[in-house]
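The residues making up each chain are set out below.
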Amino acid sequence: MINVAVLGYGTVGSGVVEIINTNNALISKRIGDVIKVKYVLDLREFEGDPVQEVLVHDYNIIKDDPEVDIVVETMGGLHPAYEFVKDALLAGKNVCTSNKALVADFGPELLQIAKDKKVNFLFEASVGGGIPIIRPLKTSLAPDEIEEISGILNGTTNYILTKMTDEGGEFAEALKDAQDKGYAERNPEADIEGYDAARKIAILVSLAYGKTVSFEDVYTEGITNISDRDIVYAKALKKKIKIFGTGKKVGDKVSVRVWPVLIGKEHPLYNVDGVYNAILVRGNMVDDVMFYGQGAGKLPTASAVVSDVIEAAKHLHININTVWSDEKLELVPAKQMKAQYFIRLNKKKDVAEEKVKKLFGDVTVVDAGFEDEYAFITGEITEGTYREASKDLDSVVNKIRLD
Ligand code: HSE
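Right, let's walk through the structure included here. Fair warning: this is a prediction, and the values are worked out from it, not measured in the lab. (Residues numbered from 1 in each chain as written. Predicted model: local features only at pLDDT ≥ 70, side-chain atom pairs only at ≥ 80, totals over all residues. Heavy atoms only, no water.)

Quick look at the sheet that holds strand 2 (residues 35–41) now. In spatial order, the strands read 3-2-1-4-5-6; together these six strands make up an open sheet with parallel pairing. The outermost strands of the open sheet, each flanked by one partner alone, are strand 3 (55–56) and strand 6 (121–122). By the bridge criterion, two bridges tie strand 2 to strand 3 in an arrangement that is parallel. Within the sheet, the bridge partner assigned to leucine 41 lies in strand 3 and is valine 56. (Pairing = 2+ DSSP bridges. Helix = DSSP H or I, 4+ residues; strand = E, 2+ residues; numbered from the N terminus.)

Okay, structure coming up:
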């Protein structure tokens, strides 16, 4: 018998219980042992829900029960999730979590404790919801040097950009629609400012290169200044605007950023629309591989958590080696990051073609029918070059990089 304790009976936690109960025979067969939810920890009562039979309010009951093999952490937040997870690992229990903030902030430390205790700390659901990406990175792609990871890592922003593309309208209207439909939270800052995607790409890049990327060090721009006009320009260019989280190897450093991009039909992520997420990984041997699916939602996310539970159940006292040290990965400074830039200038201000040419070299002019603007695409330049040049132009309306 494999006994599981679930911390937090919210959306994902209740999904985990539902999957383990609904698919119990199948999951038990795949593990080779019977699996059971022995405890659910939550402060609340759930009258009328069978979970009441296994509900506890005191974490010590779980921590001190030697029969509990696997702890599932679906509480969210850093505290007390961190303390509970650490205690569980120190007590020799495997932990599976969906908590990306916990993984991004404490990943190396918790992995080291798991290694010392010969158990596992697994976090498939922390990036890309139901999409298998963490385990493939650790196993299927292990033969490869990772050259690039680029992902649409946030469903809320992908929904907003898709709606603006398909139906027109400004960012604020699309955000309101996303909130009305329950995709965006009342406080949408973490999604629309790119912080959620920054945590996710920090985790992926840390795993890909075995050293730590702090999410605070990820150069991050959100989508709040993407306007209806930007979408019209994108269409004139036969491109779409997406927001990518990217880690790209440049020499012996890695360029890690979250920013909106213009991509054409030839890009593998072009057709990833709505709330869907997708992650493109380029290995130096396997070439391009792509992972696509639902990046959020109760059952997709819980399915990823249960995949970790199954993995842990098959390796109860065998640590699956995960390379992620607390040494900092060397990153390309923001000013040295390179891209082609699409830039819109307000014609009423200091736009002169000669000045643009002097600042950016040869550019390709983009005409989307707006008489009051001058828009163009640069060659590949650094962020530093862009910043210096734009200081000399007080007329920049917006800029979006090409990918
Ligand atoms: N808010 C996130 C998203 C949920 O929109 O993708 C999963 O992290």
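Looking at the secondary structure, you find valine 289 in strand 12 (residues 287–294). Looking at valine 289, the relative accessible area reads 21%, which means it is partly exposed. Taking the C-alpha atoms as reference points, valine 289 and leucine 141, separated by 148 residues in sequence, lie 9.4 Å from one another. Other than its neighbours up to four places away in sequence, valine 289 contacts Leu141, Ile279, Leu280 and Val281. (Buried < 20%, exposed > 50% of the residue type's maximum accessible area, 1.4 Å probe, protein only. Contact = heavy atoms within 4.5 Å.)

Close to the ligand lie Lys100, Asn154, Gly155, Thr156, Asp191, Asp196, Lys200, Gly295 and Ala296. Contact between the ligand and aspartate 191: a nitrogen atom at 2.9 Å from a side-chain N or O atom of the residue. Notes on the ligand: free accessible area 260 Å², of which the protein chains cover 81%. More than half of the atoms belonging to the ligand lie within 2 Å of the grid points that define the largest pocket. Counting residues per element, the ones that place at least two in the shell around the ligand are helix 7 (155–167) and helix 10 (195–209). (Near = heavy atom within 4 Å. Polar contact = N/O pair within 3.5 Å; in protein donor to acceptor, adjacent residues only side chain to side chain. Areas by Shrake-Rupley, 256 points an atom, 1.4 Å probe, with all protein chains shown as cover. 1 Å grid on protein atoms, 1.4 Å probe; cavity = no way out; pocket = protein on both sides within 12 Å on 5 of 7 lines; lining within 4 Å. Sits in = over half its atoms within 2 Å of the grid points.)

With that settled, the discussion passes to the pairing of strand 13 (residues 338–346). Successive side chains on a regular strand alternate, one facing one side of the sheet and the next facing the other. In the sheet, strand 13 pairs with strand 15 (residues 373–382) via eight bridges, with the strands oriented antiparallel. Its bridge partner being in strand 15, asparagine 346 is matched across the sheet by glutamate 373. Taken together, the six bridges between strand 13 and strand 16 (residues 396–402) define a ladder with antiparallel strand orientation. The residue of strand 16 that forms the bridge with phenylalanine 342 is isoleucine 400.

Taking 1.5 Å of rise per residue, 17 residues should cover 24 Å, and helix 5 (residues 100–116) covers 22 Å from first to last C-alpha, within 8% of that figure. Within helix 5, burial applies to Ala101, Leu102, Val103, Ala104, Phe106, Gly107, Pro108, Leu110, Leu111, Ile113 and Ala114. Against strand 4 (68–73), helix 4 (81–90), strand 5 (94–97), strand 6 and helix 10 lie the buried residues of helix 5. Of the residues that open helix 5, the one with a side-chain oxygen 3.3 Å from the backbone nitrogen of alanine 101 is asparagine 99. One or two residues past the end of helix 5 sits lysine 118, with phi positive at roughly 55°. (Expected span 1.5 Å × (residues − 1).)

This part is about unusual backbone geometry. Here the amide bond leading from histidine 79 into proline 80 is cis, since omega sits at 10°, within 30 degrees of zero. If you trace the backbone, proline 80 turns up in the loop between strand 4 and helix 4. The phi angle at lysine 238 is positive, at roughly 55°, despite the residue not being glycine. The residue lysine 238 is located in the loop between helix 11 (228–236) and strand 9 (239–250) in this model.

Right, let's talk about empty space enclosed by the protein for a bit. Over the atoms a probe the size of a water molecule is rolled, and this reveals where empty space is left. Tallied over the full model, the rule gives two cavities of 30 Å³ or more. As a volume, the largest cavity reaches approximately 40 Å³. If you go around the largest cavity, the residues you meet are Leu161, Thr162, Thr165, Asp166, Lys240, Ile241, Lys242 and Asp273. Of all the elements in the fold, those that place two or more residues in the lining of the largest cavity are helix 7 and strand 9. A per-element tally of the lining of the largest cavity places helix 7 first, with four residues. Of the residues assigned to the lining of the largest cavity, the class counts are two nonpolar, two polar and four charged. (Points joined across faces, edges and corners; volume = space filled by probe spheres on them. Nonpolar A, V, L, I, M, F, W, Y, C, P; charged D, E, K, R; others polar.)

Now for the nonpolar core. Grouped together as the largest cluster of nonpolar side chains are 81 residues, with contacts concentrated most on Ile62, Phe121 and Leu204. Judged by nonpolar contacts, the second largest core, of 31 residues, contains Ile31, Val37, Ile70 and Ile310. (Core = buried A, V, L, I, M, F, W, Y, C linked by side-chain atoms within 4.5 Å.)

Time to look at the pairing of strand 5. Because side chains alternate across strand 5, one face comprises the buried residues Asn94 and Cys96, and the other comprises Val95 and Thr97, equally buried. Relative to strand 5, strand 4 runs parallel, the two being bridged by four bridges. Each residue of the ladder has a partner; that of valine 71, found in strand 5, is valine 95. Viewed along the sheet, the connection from strand 5 through helix 5 into strand 6 turns out right-handed. (Right-handed = clockwise from strand over helix to strand, strands pointing away.)

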